[in-house]
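So you can see what is in the structure, the chains are spelled out below.
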Amino acid sequence: MTGLRRVPWAPVVWLALLCVPWLGSRFYTFLATEIAIFALFAVSLNLLLGYTGLVSFGHAAYFGVGAYACAILMKTHGVPFPLAFAAAGVAAAAFALVFGFFCVRSTKIYFAMLTLAFAQIVWAICFKWNSVTGGEQGFSNVPYPDLGWMSGLPLLGALRTADQYFLLVMALTGACFVVLRRIAGSPFGRMLTAIRENPERAEFVGLNVRLYQMVAFAIAGGFAGLAGALFGIFNRGVFPDFAYWSKSAEVLIMAILGGMGSFWGPAVGAAALTLLNHQITAVTQYWPLVLGVVLVVLLFAFPGGIVGALSAARARLGARPHA
Amino acid sequence: MLEPSFLVGQALSGLTAAMFLFIVAAGLSLVFGVLRVLNFAHGSFYMLGAYLAWQVTQWLGVVTGSFWLSALGAAAGVAILGGAIERCLLRHLYGKEDLYQLLLTYALVLILGDAARILWGTQQLAMPRPAGLTGSFELAGAVVPYYNFFIIVLGPLIAGGCWLLLSRTGVGRMIRAAAYDREMLAALGADTGRLYTLMFMAGSFLAGLGGALVTPVRSIVPGMDVEIIVEAFIVVVIGGLGSFWGTFLGAIIFGQVLAFGILILPGFSIFAVFALMAIVLIARPAGLLGRPLA
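Residues numbered from 1 in each chain as written. Chains lettered and ligands numbered in written order. Predicted model: local features only at pLDDT ≥ 70, side-chain atom pairs only at ≥ 80, totals over all residues.

1. A word on the overall build of chain B
Reasoning step 1: Per the secondary structure count, chain B includes 11 helices and 2 strands.
Reasoning step 2: Listed by position from the N terminus, the elements making up chain B come as α-α-α-α-β-β-α-α-α-α-α-α-α.
Reasoning step 3: Rg of the C-alpha trace for chain B: 19 Å, near the compact-globule value of 19 Å for 294 residues, within the 12% margin.
Reasoning step 4: With respect to the three principal axes, the spread of C-alpha positions in chain B is 60 × 50 × 35 Å.
Reasoning step 5: For chain B, with 294 residues in total, the buried portion stands at 49%.
Reasoning step 6: Taking the intrachain contacts of chain B between residues at least 6 apart in sequence as the baseline, contacts between residues at least 24 apart amount to 76%. (Helix = DSSP H or I, 4+ residues; strand = E, 2+ residues; numbered from the N terminus. Rg over C-alpha atoms; globule rule 2.2 N^0.38 Å. Buried ≥ 20, exposed ≤ 12 C-beta atoms within 10 Å, placed from the backbone. Contact = placed C-beta atoms within 7 Å.)

2. So, the overall build of chain A
Reasoning step 1: Check the secondary structure of chain A and you find 16 helices and 2 strands.
Reasoning step 2: Relative to the compact-globule value of 20 Å for 323 residues, chain A shows a C-alpha radius of gyration of 20 Å, a close match.
Reasoning step 3: Structurally, chain A occupies a C-alpha span of about 55 × 50 × 40 Å along its principal axes.
Reasoning step 4: For chain A, the proportion of its 323 residues judged to be buried stands at 48%.
Reasoning step 5: Long-range contacts, defined here as pairs at least 24 residues apart, represent 76% of the contacts in chain A between residues at least 6 apart.

3. Let's talk about the interface of chain B and chain A
Reasoning step 1: Counting from both sides, the interface comprises 29 residues of chain B and, opposite them, 29 residues of chain A.
Reasoning step 2: Put simply, the parts of the chain that give the side of chain B that touches chain A at least two residues each are helix H4 (98-120), helix H9 (224-239) and helix H11 (269-283) of chain B.
Reasoning step 3: Of the residues assigned to the side of chain B that touches chain A, the class counts are 25 nonpolar, 2 polar and 2 charged. (Nonpolar A, V, L, I, M, F, W, Y, C, P; charged D, E, K, R; others polar.)

4. Re the environment of Ser 262 of chain A
Residue and element names in this part refer to chain A.
Reasoning step 1: Turning to its location among the elements, Ser 262 is positioned in the loop between helix H13 (245-258) and helix H14 (265-283).
Reasoning step 2: According to the C-beta neighbour criterion, Ser 262 is partly exposed, with 19 such atoms within 10 Å.
Reasoning step 3: Separated by 114 residues in the primary sequence, Ser 262 and Gly 148 place their C-alpha atoms 38 Å from one another.

5. Points about the environment of Ala 142 of chain B
Residues and elements named next belong to chain B.
Reasoning step 1: Within the fold, Ala 142 resides in strand S2 (residues 142-145).
Reasoning step 2: We classify Ala 142 as partly exposed; it has 19 C-beta atoms within 10 Å.
Reasoning step 3: Sequence-distant contacts of Ala 142, defined by excluding residues within four places in its chain, comprise Ser 5, Val 8, Gly 9 and Leu 12.

6. Re the environment of Ala 259 of chain B
All names here are of chain B.
Reasoning step 1: Its place among the elements puts Ala 259 in helix H10 (residues 244-264).
Reasoning step 2: For the pair Ala 259 and Gln 10, spaced 249 residues apart in sequence, the C-alpha separation works out to 5.6 Å.
Reasoning step 3: Not counting residues up to four positions away in its chain, the partners in contact with Ala 259 are Gln 10, Ala 11, Ser 13 and Gly 14.

7. Let's talk about the pairing of S2 of chain B
All names here are of chain B.
Reasoning step 1: Pairing geometry for strand S1 (residues 136-139) and S2, over 4 bridges, is antiparallel. What sits directly across from Glu 138, in S2, is Val 143.
Reasoning step 2: In textbook terms, the turn of a hairpin is the stretch between consecutive antiparallel strands, and for S1 and S2 this stretch comprises 2 residues, one of which, Ala 140, has a positive phi near 50°. (Pairing = 2+ DSSP bridges.)

8. Observations regarding the nonpolar core
Reasoning step 1: With 208 residues, the main nonpolar core has Leu 40 and Ala 42 of chain A together with Leu 21, Val 24, Val 237 and Phe 254 of chain B as its most contacted residues.
Reasoning step 2: Val 24 of chain B has contacts with Tyr 46, Leu 206, Ala 207, Gly 210, Ile 228 and Ala 232 of chain B, leaving out every residue within four places of it along the chain. (Core = buried A, V, L, I, M, F, W, Y, C linked by C-beta atoms within 7 Å.)

9. Quick look at unusual backbone geometry
Reasoning step 1: Despite not being glycine, Arg 236 of chain A shows a phi value in the positive range, around 60°.
Reasoning step 2: One can find Arg 236 of chain A in the loop between helix H12 (209-234) and strand S2 (237-238).
Reasoning step 3: Overall, Arg 236 of chain A belongs to the exposed group, with 12 C-beta atoms counted inside 10 Å.
Reasoning step 4: Non-glycine residue Arg 36 of chain B carries a positive phi angle of around 55°.
Reasoning step 5: Positionally, Arg 36 of chain B belongs in the loop between helix H1 (4-35) and helix H2 (42-60).

10. Points about the confidence of the model for chain A
Reasoning step 1: This prediction gives chain A a mean pLDDT of 85; 96% of its residues lie at or above 70.
Reasoning step 2: Averaged pLDDT values for the elements of chain A fall to 64 in helix H1 (residues 2-6) of chain A and rise to 92 in H12 of chain A. (pLDDT = per-residue confidence, 0-100.)

11. Some points on H1 of chain B
Residues lying three or four places apart along an α-helix face the same way, a consequence of the helix completing one turn every 3.6 residues.
Residue and element names in this part refer to chain B.
Reasoning step 1: Compared with an ideal rise of 1.5 Å per residue, which puts 32 residues at 46 Å, H1 spans 45 Å between its outermost C-alpha atoms and is within 8% of the ideal.
Reasoning step 2: At Phe 22, H1 is deflected by roughly 25°, the largest bend along its length.
Reasoning step 3: Burial runs high along H1: 23 of the 32 residues are buried.
Reasoning step 4: Positive backbone phi, approximately 55°, marks Arg 36, located one or two places after H1. (Expected span 1.5 Å × (residues − 1). Bend = angle between axes of the 7 residues up to and from the residue.)

12. Things to note about the confidence of the model for chain B
Residue and element names in this part refer to chain B.
Reasoning step 1: Averaged over all residues, the pLDDT of chain B equals 87, while 97% of them reach at least 70.
Reasoning step 2: When pLDDT is averaged over each helix and strand of chain B, the minimum, 80, is found for H11 and the maximum, 93, for helix H3 (residues 66-88).
Reasoning step 3: Reported for the predicted complex are a pTM of 0.87 and an ipTM of 0.84.

13. Focus: the packing of helix H3 (residues 26-52) of chain A against helix H9 (residues 161-185) of chain A
All names here are of chain A.
Reasoning step 1: Here H3 crosses H9 at 15°, and the two axes come no closer than 10 Å. Taken together, the axes of H3 and H9 are roughly parallel relative to one another. Handedness of the crossing formed by H3 with H9: left-handed. Residues Arg 26, Thr 29, Ala 32, Thr 33, Ala 36, Ile 37, Ala 39, Leu 40, Val 43, Ser 44, Leu 47 and Tyr 51 of H3 touch H9, and the partners they reach there are Ala 162, Asp 163, Phe 166, Val 169, Met 170, Thr 173, Cys 176, Phe 177, Leu 180 and Ala 184.
Reasoning step 2: Taken together, the residues of the contact of H3 with H9 sort by class into 16 nonpolar, 4 polar and 2 charged. (Axes fitted to C-alpha atoms, helices over the stretch in contact; angles between N-to-C directions. Parallel < 35°, antiparallel > 145°, perpendicular 65-115°, else oblique. Left-handed = near helix turned anticlockwise from the far one by under 90°.)

14. Focus: the packing of H3 of chain B against helix H8 (residues 192-214) of chain B
Residue and element names in this part refer to chain B.
Reasoning step 1: At a minimum axis distance of 7 Å, the contact between H3 and H8 shows a crossing angle of 145°. For H3 against H8, the interelement crossing comes out right-handed. Between H3 and H8, the residues in contact are Ser 70, Ala 71, Ala 74, Ala 75, Gly 77, Val 78, Ala 79, Leu 81, Gly 82, Gly 83, Glu 86 and Arg 87 and Tyr 196, Thr 197, Phe 200, Met 201, Gly 203, Ser 204, Phe 205, Ala 207, Gly 208, Leu 209, Ala 212 and Leu 213, respectively.
Reasoning step 2: Its residues assigned to classes, the contact of H3 with H8 comprises 14 nonpolar, 8 polar and 2 charged.

This is the structure we're talking about:
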């Protein structure tokens, strides 16, 4: 048991996933790309949910802003990918900062309502602003970034564009995870946890609670925007649905399913829910119904999510070795 | 452009929208005031009210007063569903973190939304106006449908009725006591469990009634649940969550800003409402008539 715990699981899983393109299946690459992007999305939400104790019901808004920003810059204005990608993160963080300013002014209940309301306004803008976002029809034919440089490299040259894009997604999400992990473990991250545990007390110690919450909201929004930018290209199109409340529900359920008590829990939840989605949507179109039932079962049976249940089981095994 | 008839017409249509919104938001606010549960599924109850009203009308066929019967039937059906949800699910989460209650009602939004899709499909459904209220009259040059006028009258009647119930009856006293200090009320021997169920049913009834009454003027579509819950949230944020008259005031302001916002931002008047909400949040974070939440 202790041996297993010493394995640095995150880099191992990351390296293992890097091999997916050489399995030769388009579907596996597709699935792995989607999981990597949603894992980043869910982990970014957990900076609010698990670390700061803020329940956002509108996290998809920032995912959508990032997706539209990157796609519009690349297609309409011909901006190269690295710049558009960075701009997507900045745009999403800026939106999150403005909305966060209002949301963190109030208590938990108001916060929950406001995040949902602001997300709906982002959705409404995407839906109605035809000339820029393509409105209801969405914004399609988003170009792939220029991956020509990969063709010159050994091993990578022979891969399909989708596989090369997957490797790019892995590199970028990997970098984001490292940064998020550093943020969560930094003194700033500790402050967020202190705020989650007891905001009044944090205030007494001299923390500017609202400012910290607002910054956390902007950081989480920024990373959600980066995930959105990657997803828009992967999906070859951006649609108002990206910012719709059901997307917010999905990412919230990913985080809770995986377990918001740990850094990687939401990533596990993202993988589980994405795999489940592909199983379920093959059978029925009523995916939200399944999501809702999953959430109810989680609330009553496994409040700690997958990772919480696993570590509880491990603790029980450790306490009674013969059991 | 700014003729008096136009202004009167806009004001009245804003008032009609406000009264629909008030009926729904009052339920949300009352439930929150007593149970301290923010019910995301309140919009879903509204949507179910609309679908049930349509369904009951189909069953009844051509009967005098079928609209009123179906509206009351739908509201009662939604109230029973609400009571069952409170008893079987929500009850077990009291005393845990707020997050769990929020998430449960959120899960219900997902479940009820798809349930409606399974039962009634995704096509728009429409209901005719009730017999006797089909025509319209003219007021200062503006055309006012009788049905809209009826809603404008009904809103304050419901508000007054609720207020009388809250301030003049024994049940109302219990409700106010529960909103003030529920532990103390329970310690005094009141059956708070039953009070919670009744309150949740009453809130659901109002949501269902709002949904049923809105059917003659708006089509019944999937997605109306989220649209109304966002609007109801804005209303209670403006008016103050848990404050009954605050909800009334918030609804009226919402309706007027929406109706006249099109003068400033054609097609985007909902943004005017958001701007107003932002101003209220800066000036009075607890809402116009709300008390800060502990």
